[in-house]
Amino acid sequence: MQDTSTSELIARVAEPIDNIESDNIDPLLERIGDSRIVLIGEASHGTSEFYRYRARITRALIESKGFDSVAVEADWPDAGRIDHYVRHRQTPAAEWTAFTRFPTWMWRNQEVREFVDWLREHNAGISDPKRRAGFYGLDLYSLFTSIDAVLEYLEEVDQETAAIARERYSCLAPFQSDPATYGRATLTGRHRECEPDVVNMLTDLLDKRLKYAAQDGSRFMDAVQNARLIANAERYYRSMYSGYSDSWNLRDQHMFDTLEALLAHGGENSKVVVWEHNSHVGNARATDMLARGQHNVGQLCREAYGDQAYLIGFGTHTGTVAAAADWGDPMEVKQVRPSLAGSWERLCHESGVPAFRLPLRHPASDTLDKRLHDSRPERAIGVIYRPETERQSHYFMAQLARQFDEYIWFDRTEAVTPLNTETLRGVPDTYPFGL
C-alpha cells in the first residue's frame, strides 16, 4: 500500500514536462538559485531525452545565470577541440578527429552536436573572448593524446624542456596501443614504474608557471591539465590491478580536481555546469558506494561547496538506449527492460506522469520527503548494457533524496542518434566532429 501512495504523492508534487524545448524551467532555475556548480547527470550514456533536457537546462544557466563553463565526462584534449570551436579560437585545423575512442556515440551524436552549434552561435555575440562560455573534459583516458599535446606545446615555448619531456614520456611508449597493459606489466615486474618521470614533468611545468603563463595563460593551463592527466592516468592504469575501488576513486578525484582547476582559472565569479553519469554526480554517500569505500564527484562537490553545488539526476522506465554488449563492441540500439519492481524507477513509472521534475532539496511534502529517504534499487546503464543480467549488472541501492537535489523523469525514452558520414559532409576543417 505504501508503494502505491508514494507514487501518488510523487504525482501530486511533480512538475510535468510536456515538451523539452518549450518547457518552463523557471521553477528549477529558482531552486538552483546562486549555486556555483550544477551537476547534471544521466541514467545512461545513450539516451536522447537525458542529453536534450540537460542541454536545455545548460542553455538557460549560461543565458540567465552567467555560467561560463561546461565540464563533461570526456577526455581533456577531445573536449578541447569543441572548446576551440565554440569559443571561435584562432587555431589551425587539427590533424586528428575528436571522440574516436570507444564509446564514440557518447559524444559524437546529434544531440551533443546541436548543443555545440548553439554554444558557438551564442559565443559569437560576445566580443570579449574571455567572456565566452567554454567546453572542457574532466576524464583521464587520453594518456597518449595528452602526451602529444604537452610535447607540441613545449616544442613551441621551450625546446630544451621538450627534449626532456620526450625522454621522460618514452617510458610509457611501449603501451601506446593498450595503456591498460602498463599496469599489469609493472605489477609483474616486467616494466619499471613511470610515476617518477611523469610527476617530475608536471612539477617542472608548474615550476615554470610564471615564464610560460606570461606568454599565453590559456595555453599554459591546457598544457598543465594534460600533464596532470598523464600523471593521474599513469596511477590509474596501475591501480586497475590493485582493486576497482582504488581506480574508481582515483578517476573521480581527478575529475573533481580538474573541475576545481577550471573554477580557479575562471576566477571567483566563475560557474560550471557538469555533465556526467548519475553514478558520478549523485552523492556517493547516499548509495551503497559508501560501503565499498568509494567516493565520487558529487560527494566531493557537496563536501567542498555545500549548497553551492546543485545535483540533478535522471531516470527512465523503458524505451531504447545506445550501448554495447561489452567493452569495445559495436554500438547497438538496445531495448531497455521495464524497471524493477520496488525500484525508484518503478515508483516514478507508477505515478502515471510521463515526464516530470521532482524537487528533492525543497520537498513539497514532508511525508514524501521521508519516503524518498528510504533505500531502494536504482538503475544505472553505462556504455555497456546487459539486460540479461540487469538486476546484478545495473542496479544499486540509493536514498534518492540524499543522492540528488532534483530528479528528472522520462517514462519512455529513445536512443541518441550517432553522427555518420552523411551528417558531417561539408563541415569546415575546424569542426570538432569532423570526418
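The structure this text deals with has already been given above.
Here goes a summary of the coordinates provided. (Residues numbered from 1 in each chain as written. Predicted model: local features only at pLDDT ≥ 70, side-chain atom pairs only at ≥ 80, totals over all residues. Heavy atoms only, no water.)

Secondary structure summary: the protein contains 19 helices and 11 strands in total. What you see for the protein is a C-alpha radius of gyration of 22 Å, in line with the 22 Å of a compact globule of 435 residues. C-alpha atoms of the protein, sized along the principal axes, occupy 70 × 55 × 45 Å. Scored against the burial criterion, the 435 residues of the protein give a buried share of 57%. For the protein, the share of sequence-separated contacts (at least 6 apart) that also reach a separation of at least 24 residues comes to 77%. For the protein, the centre of its 49 positive side-chain charges and the centre of its 66 negative side-chain charges are spaced 1 Å apart. (Helix = DSSP H or I, 4+ residues; strand = E, 2+ residues; numbered from the N terminus. Rg over C-alpha atoms; globule rule 2.2 N^0.38 Å. Buried < 20%, exposed > 50% of the residue type's maximum accessible area, 1.4 Å probe, protein only. Contact = heavy atoms within 4.5 Å. Lys, Arg positive; Asp, Glu negative; His and termini not counted. Charge placed at Lys NZ, Arg CZ, Asp CG, Glu CD.)

This part is about the packing of aromatic side chains. Following the criterion strictly, the structure yields 19 aromatic pairs and no others. Relative to Tyr236, the ring of Tyr141 has its centre 5.6 Å away and its plane inclined at 85°; by these criteria the two rings are edge-to-face. Of the two residues, Tyr141 sits in the loop between β4 (134-139) and α6 (143-157) while Tyr236 sits in helix α11 (residues 217-239), which places them 95 residues apart along the sequence. Here Tyr141 and Tyr236 have matching classes, each one buried. Their ring planes at 70° and their centres at 5.4 Å tell us that Phe175 and Tyr182 sit as a pair that is edge-to-face. Tyr182 matches Phe175 in its accessibility class, with the two residues each being buried. The residue whose ring lies beneath Arg54 is Tyr51, and the NZ or CZ to ring-centre distance is 4.8 Å. The ring of Trp344 has Arg376 sitting right over it, with the charged end atom 5.7 Å from the ring centre. (Phe/Tyr/Trp six-rings, centres within 6.5 Å; stacked < 30°, edge-to-face > 60°. Lys NZ or Arg CZ within 6 Å of the ring centre and 35° of its normal.)

Considering all chains together, one arrives at 1 cavity of 30 Å³ or more under this definition. Quantified by volume, the largest cavity comes out at close to 40 Å³. Every residue along the wall of the largest cavity is listed here: Ala43, Ser44, Gly315, Thr316, Glu345, Arg379 and Ile381. Looking at the lining of the largest cavity residue by residue, the class counts come to 2 nonpolar, 3 polar and 2 charged. (1 Å grid on protein atoms, 1.4 Å probe; cavity = no way out; pocket = protein on both sides within 12 Å on 5 of 7 lines; lining within 4 Å. Points joined across faces, edges and corners; volume = space filled by probe spheres on them. Nonpolar A, V, L, I, M, F, W, Y, C, P; charged D, E, K, R; others polar.)

Our next topic: the pairing of strand β3 (residues 69-75). Of all 7 residues that make up β3, 7 are buried, and the element is covered over most of its length. Pairing geometry for β3 and strand β5 (residues 272-275), over 4 bridges, is parallel. Opposite Val70, over in β5, you have Val273 as the bridge partner. (Pairing = 2+ DSSP bridges.)

Turning our eyes to something else, we now look at α6. In this model, α6 (15 residues) spans 22 Å end to end at C-alpha, consistent with the 21 Å of a helix rising 1.5 Å per residue. If you check which residues of α6 are buried, you get Leu143, Phe144, Ser146, Ile147, Val150, Leu151, Tyr153, Leu154 and Val157. Buried residues belonging to α6 abut α4 (76-86), α7 (159-169), α9 (195-207), α10 (209-213) and α11. (Expected span 1.5 Å × (residues − 1).)

We now examine the pattern of salt bridges. Any two side chains of opposite charge can pair, so long as their charged atoms come close to each other. The full count for this structure, using the stated rule, is 28 salt bridges. Measuring nitrogen to oxygen at the nearest pair gives 3.1 Å for the salt bridge that ties Arg361 to Asp405. Taken together, the residues span a long stretch of sequence, with Arg361 in the loop between β8 (355-359) and α16 (366-371) and Asp405 in the loop between α18 (400-403) and β11 (406-413) at a distance of 44 residues. Taken together, the salt bridges that share partners define one network made up of Glu15, Asp23, Arg31, Arg357 and Glu406. (Salt bridge = Lys/Arg side-chain N within 4 Å of Asp/Glu carboxyl O.)

In this structure, Leu39, Leu154, Tyr169, Leu172 and Leu358 are the most contacted members of the largest nonpolar core, which totals 78 residues. A total of 11 residues in this core trace back to one element, the largest contributor, which is α11. Not counting residues up to four positions away in its chain, the partners in contact with Leu358 are Ile10, Val13, Leu368, Leu372, Glu406 and Tyr407. Of all hydrophobic cores here, the second largest spans 55 residues; its members include Ile25, Ile32, Ala74 and Val383. (Core = buried A, V, L, I, M, F, W, Y, C linked by side-chain atoms within 4.5 Å.)

Two cysteines form a disulfide when their sulfur atoms are joined by a covalent bond. Across all of its chains, the model carries 1 disulfide by this definition. What pairs with Cys171 in a disulfide is Cys194, and their sulfur atoms sit 1.9 Å apart. Across the S-S bond of Cys171 and Cys194 the torsion is about -80°, and the bridge reads as left-handed. Highlighted residues: Cys171 in the loop between α7 and α8 (180-187) and Cys194 in the loop between α8 and α9, separated in sequence by 23 residues. Owing to a relative accessible area of 0%, Cys194 belongs among the buried residues under this scheme. (Disulfide = S-S within 2.5 Å.)

Together, Leu187, Met240 and Tyr241 give the surface a local cluster of nonpolar side chains, amounting to about 280 Å² of exposed area. Along the chain, Tyr241 falls in the loop between α11 and α12 (244-266). You can call Tyr241 partly exposed: its relative accessible area is 31%. (Patch = residues over 30% accessible without salt bridge, like charges linked within 9 Å, V, L, I, M, F, W, Y side chains within 5 Å. Areas by Shrake-Rupley, 256 points an atom, 1.4 Å probe, with all protein chains shown as cover.)

Here α8 crosses α11 at 65°, and the two axes come no closer than 7 Å. One way to sum up the angle between α8 and α11 is to call them roughly perpendicular. Judged by the sense of rotation from one axis to the other, the crossing of α8 with α11 is right-handed. Across from Ala180, Tyr182, Gly183 and Thr186 in α8, the residues of α11 making contact are Glu234, Tyr237 and Arg238. Here the contact of α8 with α11 is composed, by residue class, of 3 nonpolar, 2 polar and 2 charged. (Axes fitted to C-alpha atoms, helices over the stretch in contact; angles between N-to-C directions. Parallel < 35°, antiparallel > 145°, perpendicular 65-115°, else oblique. Left-handed = near helix turned anticlockwise from the far one by under 90°.)

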